[in-house]
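For reference, the chains in residue letters:
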Amino acid sequence: MSRRKPACPDGDPAAALPAELSIRPVRRGDLEAVIAIDTQVTGLEKRDYWRSVYRRYGEAAGPGAQFLVAESAGEVVGFVIGEVRDWEFGAPPCGWVFAIDVRPDARLAGIGTRLLESICAGFRRAGVRRVRTMLANDNTLILSFFRSQGMMAGRFIPLEMELDG
Ligand SMILES: CC(C)(COP(=O)(O)OP(=O)(O)OC[C@H]1O[C@@H](n2cnc3c(N)ncnc32)[C@H](O)[C@@H]1OP(=O)(O)O)[C@@H](O)C(=O)NCCC(=O)NCCS
């Protein structure tokens, strides 16, 4: 993935990051913080959903699956989840990012960038050379973020319809 580093006034892209920031695989004890961040961001608490995501991508994650958290000063301040999918939609294996969230009070400090870099490093280790994601077309924040990382419109388009009755 080609990407631009975030601009930084003193020329060091890492300068704005909390000094003690670490990106690591999720642990069971992180789940409450992940649920709290998602609830704050989306306005909807989905405990059962997050438990099932943890089971699939956390403790029992298969090869290529990643559920990473950003930890600063002992607190989880963000997370990213994705996996390598093989030949879905007829596409060669690639990495998919299907969730990324940074706690609102921790944003614009480079944490989202670090999370995406880390999951992409995992995708590279798994042997894929392309990453994809999907986003709502009115979510300008997440669009601005992914564009800043070098992601652009791809050759797939989403289609959908209502299933009545
Ligand atoms: C998108 C998100 C992950 C970015 O996290 P972050 O830690 O603030 O990101 P960074 O600090 O690494 O920002 C990197 C770049 O993204 C872009 N960006 C981030 N926030 C932005 C904003 N509010 N407006 C415009 N551009 C923005 C900028 O280009 C920024 O680089 P810059 O600071 O040099 O200008 C975070 O805002 C978030 O969690 N938003 C909600 C996500 C969401 O809707 N999730 C549900 C669907 S998965």
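Only a predicted model underlies this, so the values are computations on that prediction, with no experimental measurement involved. (Residues numbered from 1 in each chain as written. Predicted model: local features only at pLDDT ≥ 70, side-chain atom pairs only at ≥ 80, totals over all residues. Heavy atoms only, no water.)

### Overview of the confidence of the model for the protein
Stated formally: Confidence scores per residue from the predictor, reported as pLDDT, run from 0 to 100. A run of H or I in DSSP counts as a helix once it spans at least four residues, and a run of E counts as a strand once it spans at least two, with each numbered from the N terminus. Contact between two residues is taken to exist if any of their heavy atoms lie within 4.5 Å; hydrogens are not considered.
Summary statistics for the protein give a mean pLDDT of 90 and a share of 90% for residues scoring 70 or more. In the model of the protein, helix H2 (residues 47-59) stands out as the element of lowest mean pLDDT, 93, in contrast to helix H4 (residues 140-148), which has the highest, 98. Across residues 1-11, where pLDDT falls below 50, the model places 22 contacts with residues more than four positions away in sequence or in other chains.

### Focus: the packing of helix H1 (residues 31-42) against H2
Convention followed: Between N-to-C directions, angles span 0 to 180 degrees; the directions come from axes that are lines fitted to C-alpha atoms, helices contributing only their stretch in contact. Oblique is the label for any angle not covered by the other classes, which are roughly parallel (under 35 degrees), roughly antiparallel (over 145) and roughly perpendicular (65 to 115). Whether a crossing is left-handed or right-handed is set by the direction in which the near helix is turned from the far one by less than a right angle, anticlockwise for left-handed and clockwise for right-handed. By the convention adopted, Pro, Cys, Tyr, Trp, Phe, Met, Ile, Leu, Val and Ala count as nonpolar, Lys, Arg, Asp and Glu as charged, and the other residues, Gly among them, as polar.
Where H1 meets H2, the closest approach of the two axes is 10 Å, and the angle between their N-to-C directions is 130 degrees. Classified by the angle between their axes, H1 and H2 sit oblique to one another. As H1 runs across H2, the sense of the crossing is right-handed. Contacts from Leu31, Glu32, Val34, Ile35 and Asp38 in H1 reach Arg47, Trp50, Arg51 and Tyr54 in H2. Tallied by class, the residues present in the contact of H1 with H2 amount to five nonpolar, no polar and four charged.

### Topic: the sheet that holds strand S2 (residues 66-72)
The following threshold applies: Any two strands with at least two DSSP bridges between them are considered paired.
Here five strands make up an open sheet; going across it, the order is S1-S2-S3-S4-S5 and the pairing mixed. Among the strands making up the open sheet, the edge pair consists of strand S1 (22-25) and strand S5 (131-133). Ignoring which end each strand starts from, the neighbouring axes of this sheet average 30 degrees apart. With eight bridges connecting them, strand S3 (residues 75-85) and strand S4 (residues 94-102) associate as antiparallel partners. Bridge pairing in S4 places Glu83 opposite Trp96. Lying on the sheet, H1 is in contact with S2, S3 and S4; it crosses S3 at an angle near 90 degrees. Contacting S1, S2, S3, S4 and S5, helix H3 (residues 111-125) runs over the sheet at an angle of about 155 degrees to S4.

### Description of H3
Inclusion rule: Every helix has an expected span of 1.5 Å times one less than the residues it contains. We call a residue buried when its accessible area falls under 20% of the maximum for its residue type, exposed when it is over 50%, and partly exposed in between, using a 1.4 Å probe and counting protein chains only.
For H3, with 15 residues, the first-to-last C-alpha span of 21 Å sits near the 21 Å given by 1.5 Å per residue. Residues of H3 that are buried include every one of Ile111, Gly112, Thr113, Leu115, Leu116, Ile119, Cys120, Gly122 and Phe123, and no others. Buried-residue contacts for H3 involve S1, S2, S3, S4, S5 and H4. The first or second residue beyond H3 is Gly127, which carries a positive phi of 100 degrees.

### Some details on unusual backbone geometry
Even without a glycine there, the phi angle at Trp87 is positive, about 60 degrees. Summarising the element assignment, Trp87 is placed in the loop between S3 and S4. Positive phi, normally seen in glycine, also occurs at Phe89, with a value near 55 degrees. With respect to the helices and strands, Phe89 occurs in the loop between S3 and S4.

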